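# Working through the structure, step by step
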Amino acid sequence: MSEYNFSQIEKKWQRYWEENQTFKANETNRKPKYYALDMFPYPSGAGLHVGHPLGYIASDIVSRYKRLKGFNVLHPMGFDSFGLPAEQYAIQTGQHPAITTEQNIARYVEQLKNIGFSFDWEREVRTSDPNYYKWTQWIFKQLFNSYYNYTSDKAESIDKLIAEFEANGNATINAACDEDTPAFTAEDWKGMNEQQQAEMLLKYRLTYVAEAVVNWCPALGTVLANDEVVGGVSERGGYPVERKKMRQWMMRITAYAERLLQGLDTIDWPEPVKEMQRNWISKSVGAELDFAIEGDGHIKVFTTRIDTIFGATFVVLAPEHDLVTQITTDAQRSEVEAYVNVAKNRSERERMTDVKTVSGVFTGAYAINPISEERVPIWIADYVLAGYGTGAVMAVPGHDSRDYAFAKHFNLPIKPVVEGGNIEEEAYAAKEGRIINSGFLNGLDVKDAIKAGIAKAEELGVGKGRVQYRMRDAVFSRQRYWGEPVPVYFKDGIPQLLNDEELPLELPKIDAYLPTETGEPPLGRAVDWKHENQYEYELSTMPGWAGSSWYWYRYMDPQNNNEFAAKDKIAYWRNVDLYIGGSEHATGHLLYSRFWNKFMFDLGLVVEEEPFKKLINQGMIQGRSNFVYRINGTNKYVSFGLKDQYETTQLHVDVNIVENDVLDLEAFKKWRPENADAEFILEDGKYNVGVEIEKMSKSKYNVVNPDDLVERMGADTLRMYEMFLGPLEQFKPWNTNGMDGVHKFLKKYWRLFHDNSGNFSVSDEAPTAEELKTLHKTIKKVEEDIERFSFNTSVATFMICANDLTQLKTNKRAILEPLTIILAPYAPHITEEIWQQLGHSESISYANFPEFKEEYLLENTFEYPVSVNGKTRHKLSFATDTPREEIEKAVLADEQVIRFFDGKAPKKVIIVPNKIINVVV
């Protein structure tokens, strides 16, 4: 084979890898393990565009490199195959989501295999496979049967809690539970009936049913997570979303808040992702206070600044707070109800970030400040969130900017209690200073005043010190069809778990994928779908993050029917060494995964507390959009450089009919029917398009299909070009034209092994010092780059190396064979072919990565500039360890130097080692 026939080569080796299971991982292997994982994709109908493989290529390079370095590598791939898009398509067409999902997965697998990834395809998992979600349901059961013991600081069996209730009630229980959990004795417990006991246990279980304020999207007929709502509408479809109280399954992730915070210090993740999780969890140390309501009841508020209690001049409740309806006076009711109705439809994100809009309503009720005993009005405002803290705040406008803006807007009292600042102009939010206007706290600094304030509140019985987290328990219900069924049925209204042998509870067949006419979720349409033909199953399904919160363990043992993964395999693979995926999952998937992993660790099911040791967030490959310019009122298009001479409309055009920013006119006419009779005003005989960098999307016609590029230039070219675009973590624009340079490099590499007639020709001659220097410089750079995940600079290094070896006319096995091994992670197909031609019978995947030797980079000669009377006349090379005397003799004997002496005798020779030689005559 004389020419580089990439298409033939790549198909050949992809077949070889599949037939020989080249990348099959084996737990009995005695090599050290390395687990490389990509966040597995949701298989959409559109398939992959060139932006999707970026992270996969990076993890594949690392996986192939680690094999060459002697590691036993687990590098799997699977599909997060439950999801709303398949369900929406099912609603529109009536086609079962499983059929759509299967078709989409087949497309993804085909595309991924075409790019030559070293995945162990025998370990593929799909979250929508009943054999997989059986174990998601099983983990749900373990959560239901557990509670969080703060004393032992871990999850424990609910049976232990029941035994404690029977012996002592809950007086000594230090556990995560609902805020409204009452105190009870052992006698009280024994006096409860089965339903009362079950409801009490729900207040402690790690997954439980409760009334919760959720993001309800009527158009989609389901609850949405906070990260699925943008600007008050659904991220998918842009449908209105309202805040609504509904009975939902919840996950008590708040029990793990402190451990989730502390664990961030033990993992190698990007700091921005860690900071996002810290901010999401948001730990606050402060005090909880009771403000008595005039008439009856009390309001609990949490504050980190009890030192400012004497400056609290009003109380603000979240519009969704349970007390709003109860305390609102008749005179204020209509105004309050109208405000609540508007506020509930604003997303929490919008309410938190909108600091300019000031709005609120007075309830007509008053409370008593528990320390100052002053009467303060109770307002509602949407800047207070029901789920944060207690859903109520004591407003101290003198020292909080949002309270200050609120007080100014509604003309409420502003009282300074920390010395410094000018409340006529703004709130003084300093966390240091001397307390004033505050009774027994006067004269104390802030820190001492906080301690004294907490002590006083506890002494008076009106409050206590407390640690608060902003993170709330996670909603675990979705009113959808295409998700994991919850393994629960209801008996007399009490949730009951299915037995293990009844798992998986599979999705039933239904006639349509919409909610029922009475508003039940789609599963309510199932006919005769009842446990033991009499008890109602849970009709909501699990959220999308359920199956993705533990999937890396299933890759360890995907065919196991008896447990989610065998203990010995978990003990071998332990956790993920390298995880690559998008930063958009920071407070969703990545947080929930850490939560489930810690829970499973508590139960002794897994051996590592953190699931992902190192995380890399790949950047986005942006689309390079192209534009044509239609002259208004016509079907005539003017070239980019002439557009300002006309009144035009800029229109996106398919980038696949543009090359080097020149439009293919005939392809444009065929692209859309209305273009068939298009006319063009050209520049120099060409139609030049406009260019802009945007997000890659179908609506902008800037999506580039990797299949087309693989067909045109090969998978190895695509792989190397995606890495060459720039640092992995950065955003970078796509430009297909740039692939040509990488393709030329691969051709140049190929030619190193072939003579001018195209015959394979490799010599066994000993390499020169210059050839060894070029090789080992490349080995050193590539190894360092992969170890620090800097792949773009490696590609440049390979190009330089190929150029240097071409100039040296290198065809030595001792040079080209090691070069082939280090190139293999980047361009696996061409290197496999060359490796075979070099006489090897096994895959290059299990060769040994060549050892870098510093000695070949050391300079052992130096070329001296030789001056005569300070003027450079000649150059001479000497070994770097040549004695001074020998250098001097050689210089004075050299004819090219002597001729500048003009017949005079040299007076002295100045030699600066490895720098200069100067002869003075």
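First, a word on what this report is: a plain description of the structure on this page. (Residues numbered from 1 in each chain as written. Predicted model: local features only at pLDDT ≥ 70, side-chain atom pairs only at ≥ 80, totals over all residues. Heavy atoms only, no water.)

## Topic: the overall build of the protein chain
Inclusion rule: A helix here means a DSSP run of H or I that spans at least four residues, while a strand means a run of E at least two residues long, and both kinds are numbered starting from the N terminus. Burial classification: accessible surface area is computed with a 1.4 Å probe over protein chains only, and a residue below 20% of its type maximum counts as buried, one above 50% as exposed, and the rest as partly exposed. Only the protein chains shown count as cover for residues, and all accessible areas are computed by the Shrake-Rupley method using a 1.4 Å probe.
When helices and strands are counted, the protein chain shows 29 helices and 35 strands. In terms of its C-alpha atoms, the protein chain occupies a principal-axis envelope of roughly 120 × 75 × 75 Å. A total of 921 residues make up the protein chain; the buried ones form 53% of that total. For the protein chain, the accessible surface area stands at approximately 41100 Å², while carbon and sulfur atoms represent 47% of it.

## Focus: the sheet that holds strand β1 (residues 33-38)
The test is simple: Pairing between two strands is assigned when DSSP locates at least 2 bridges connecting them. The convention used is that axes are lines fitted to C-alpha atoms, helices contributing only their stretch in contact, and that angles between N-to-C directions extend from 0 to 180 degrees. Whether two residues are in contact is decided by their heavy atoms: any pair within 4.5 Å suffices.
If you trace the four strands from one edge of the open sheet to the other, you get β2-β1-β22-β23, paired in parallel fashion. Every other strand in the sheet has two partners, leaving β2 (72-74) and β23 (615-617) as the edge strands with one partner each. This sheet shows a mean twist of 15 degrees between the axes of neighbouring strands, independent of strand direction. Pairing of β1 with β2, which is carried by three bridges, proceeds in the parallel orientation. Looking across to β2, one finds that Tyr35 is bridged to Leu74. Contacting β1, β2 and β22 (578-581), helix α2 (residues 53-68) runs over the sheet at an angle of about 170 degrees to β1.

## Overview of the sheet that holds strand β35 (residues 916-920)
Hydrogen bonds between backbone groups are what pair the strands of a sheet, and the pairing can be parallel or antiparallel. Spatial ordering of the open sheet is given by β33-β32-β35-β34, a layout of four strands whose pairing is mixed. The strands lining the two open edges of the sheet, one partner per strand, are β33 (871-879) and β34 (908-912). Strand-to-strand twist across the sheet, computed as the mean angle between neighbouring axes with direction ignored, equals 20 degrees. Pairing analysis gives three bridges linking strand β32 (residues 861-868) to β35, with the strands arranged parallel. Within β35, the position partnered with Val868 by the bridge is Val919.

## Section: the side chain of Glu694
Spelled out, the test is: Residues counted as positive are Lys and Arg, residues counted as negative are Asp and Glu, and His and the chain ends are not counted. Note on definitions: salt bridges are taken to be side-chain nitrogens of Lys or Arg within 4 Å of carboxyl oxygens of Asp or Glu. Under the rule applied, a polar contact is a pair of N or O atoms within 3.5 Å (in protein, one hydrogen donor and one hydrogen acceptor; residues adjacent in sequence only if both atoms are side-chain atoms).
Relative to the helices and strands, Glu694 is located in strand β30 (residues 690-694). In this structure, Glu694 is buried with no salt-bridge partner, the nearest side chain bearing the opposite charge being Lys700 at 4.5 Å. Polar side-chain contacts of Glu694 include one of 2.9 Å to the side chain of His652. What Glu694 contacts, discounting residues up to four positions off in sequence, is Gln622, Gly623, Ser625, Phe627, His652, Lys700 and Asn702.

## Regarding the packing of aromatic side chains
The geometry of an aromatic ring pair comes down to the distance between the two centres and the angle between the two planes. Our working rule: Working definition: rings of Phe, Tyr and Trp (its six-membered ring) pair if their centres are within 6.5 Å, and the pair is stacked with planes under 30 degrees apart, edge-to-face with planes over 60 apart, and tilted otherwise. By definition here, charges over rings are those cases where NZ of Lys or CZ of Arg is within 6 Å of the ring centre and within 35 degrees of the ring normal.
Inspection of every chain in the model, using the stated rule, returns 65 aromatic pairs. Note on Tyr65 and Phe849: the rings are 5.2 Å apart at their centroids and 85 degrees apart in plane angle, and the pair reads as edge-to-face. Linking Tyr65 in helix α2 with Phe849 in the loop between α27 (828-837) and β32, this pair joins segments that are 784 residues apart in sequence. You'll find Tyr65 and Phe849 in the same group, each marked buried. Their ring planes at 75 degrees and their centres at 5.6 Å tell us that Phe362 and Tyr366 sit as a pair that is edge-to-face. Geometry around Tyr629 places Lys643 over its ring, the cationic atom sitting 5.6 Å from the centre.

## Section: helix α24 (residues 769-787)
Just so we agree on the cut-off: Expected span, for any helix, means 1.5 Å times one less than how many residues it has.
Compared with an ideal rise of 1.5 Å per residue, which puts 19 residues at 27 Å, α24 spans 27 Å between its outermost C-alpha atoms and is within 8% of the ideal. Looking at α24, one finds that the buried residues are Glu771, Leu772, Thr774, Leu775, His776, Thr778, Ile779, Val782, Asp785 and Ile786. Among the structural elements, α2, α25 (791-807) and α26 (813-823) are those in contact with the buried residues of α24. At the exit of α24 stands Phe789, carrying a positive phi of roughly 60 degrees.

## Here we look at the pattern of salt bridges
This model, assessed by the stated rule, comprises 51 salt bridges. Close ionic contact of Lys283 with Glu258 constitutes a salt bridge, the shortest N to O distance being 3.0 Å. Linking Lys283 in strand β10 (residues 283-293) with Glu258 in helix α9 (residues 257-263), this pair joins segments that are 25 residues apart in sequence. Overall, the relative accessible area of 39% leaves Lys283 in the partly exposed class. The class for Glu258 is partly exposed, based on a relative accessible area of 25%. Between Asp785 and Lys781 there is a salt bridge, with its nearest N and O atoms 3.1 Å apart.

## Side note on the environment of Glu532
Its place among the elements puts Glu532 in the loop between β20 (530-531) and β21 (535-537). Counting along the chain gives 225 residues from Glu532 to Asp307, while the straight-line C-alpha distance between them is 60 Å.

## Describing the packing of α26 against α27
Test applied: Angular relationships are summarised with four words: roughly parallel below 35 degrees, roughly antiparallel beyond 145, roughly perpendicular across 65 to 115, and oblique for the angles in between. By convention, the crossing between two helices is left-handed when the near helix turns anticlockwise from the far helix through less than a right angle, and right-handed when the turn is clockwise. Lys, Arg, Asp and Glu make up the charged group, whereas Ala, Val, Leu, Ile, Met, Phe, Trp, Tyr, Cys and Pro make up the nonpolar group; the residues left over, Gly among them, are polar.
As a packed pair, α26 and α27 sit with axes 9 Å apart at the nearest point and diverge in direction by 150 degrees. Of the possible angle classes, the one that applies to α26 and α27 is roughly antiparallel. Between α26 and α27 the crossing geometry is left-handed. Seen from α26, the contacting residues are Glu817, Thr820, Ile821 and Leu823; seen from α27, they are Thr831, Ile834 and Trp835. For the contact of α26 with α27, the per-class residue count stands at four nonpolar, two polar and one charged.

## Describing the packing of α25 against α26
Contact pair α25 / α26: the axes reach a minimum separation of 12 Å and the direction vectors enclose 165 degrees. Judged by the inter-axis angle, α25 sits roughly antiparallel to α26. Considering how the two elements wind past one another, α25 and α26 form a crossing that is left-handed. Counting all contacts with α25, which are made through Phe798, Cys801 and Leu805, the residues of α26 involved are Ile815, Leu816, Leu819, Ile822 and Leu823. Its residues assigned to classes, the contact of α25 with α26 shows eight nonpolar, no polar and no charged.

## A few points about helix α15 (residues 446-460)
For the record, the criterion: Along the arc lie the directions from the helix axis toward the C-beta atoms.
With 15 residues, α15 should reach 21 Å at 1.5 Å per residue; the first-to-last C-alpha distance of 21 Å fits that figure. Val446, Ala449, Gly453, Ile454 and Ala457 are the residues of α15 that are buried. Each buried residue of α15 lies within a common arc of 135 degrees when the element is viewed along its axis, so the set occupies one face. Exposed residues pointing more than 90 degrees away from the buried face of α15 are listed as Lys447, Lys451 and Glu459.

## Observations regarding the environment of Val527
Structurally, Val527 can be placed in the loop between β19 (494-497) and β20. What makes Val527 exposed here is its relative accessible area of 67%. For the pair formed by Val527 and Pro508, sequence separation is 19 residues and the distance between their alpha carbons is 8.4 Å.

## Some thoughts on unusual backbone geometry
The peptide bond linking Leu503 to Pro504 adopts the cis configuration, its omega dihedral lying at 0 degrees. Along the chain, Pro504 turns up in the loop between β19 and β20. With phi around 65 degrees, Glu373 is a residue other than glycine that occupies positive phi space. Considering the arrangement of structural elements, one finds Glu373 in the loop between β13 (361-368) and β14 (375-380).

## With respect to the pairing of β33
For β32 and β33, the ladder comprises eight bridges, and the chain directions are antiparallel. Residue pairing across strands places Thr861 opposite Ala879, the latter belonging to β33. Here β32 folds back onto β33 in antiparallel fashion, the turn holding two residues, of which Asn869 has a positive phi close to 55 degrees.

## Some remarks on the environment of Thr649
Within the secondary structure, Thr649 is located in strand β26 (residues 648-653). Measuring from C-alpha to C-alpha, the distance between Thr649 and Glu832 comes to 51 Å, with 183 residues separating the pair along the chain. Each residue touching Thr649, except ones within four places of it in the same chain, is listed here: Val628, Tyr629, Arg630 and Asn632. Polar contacts involving the side chain of Thr649 include one to the side chain of Asn632, which spans 2.7 Å.

## Some thoughts on the side chain of Asp382
Take Asp382: it is sitting in the loop between β14 and β15 (392-395). Asp382 gets classed as buried once you look at its relative accessible area, which sits at 6%. Residues contacting Asp382, with those up to four places away along its chain left out, are Pro319, Tyr339, Ala343, Arg346, Arg351 and Ser359.

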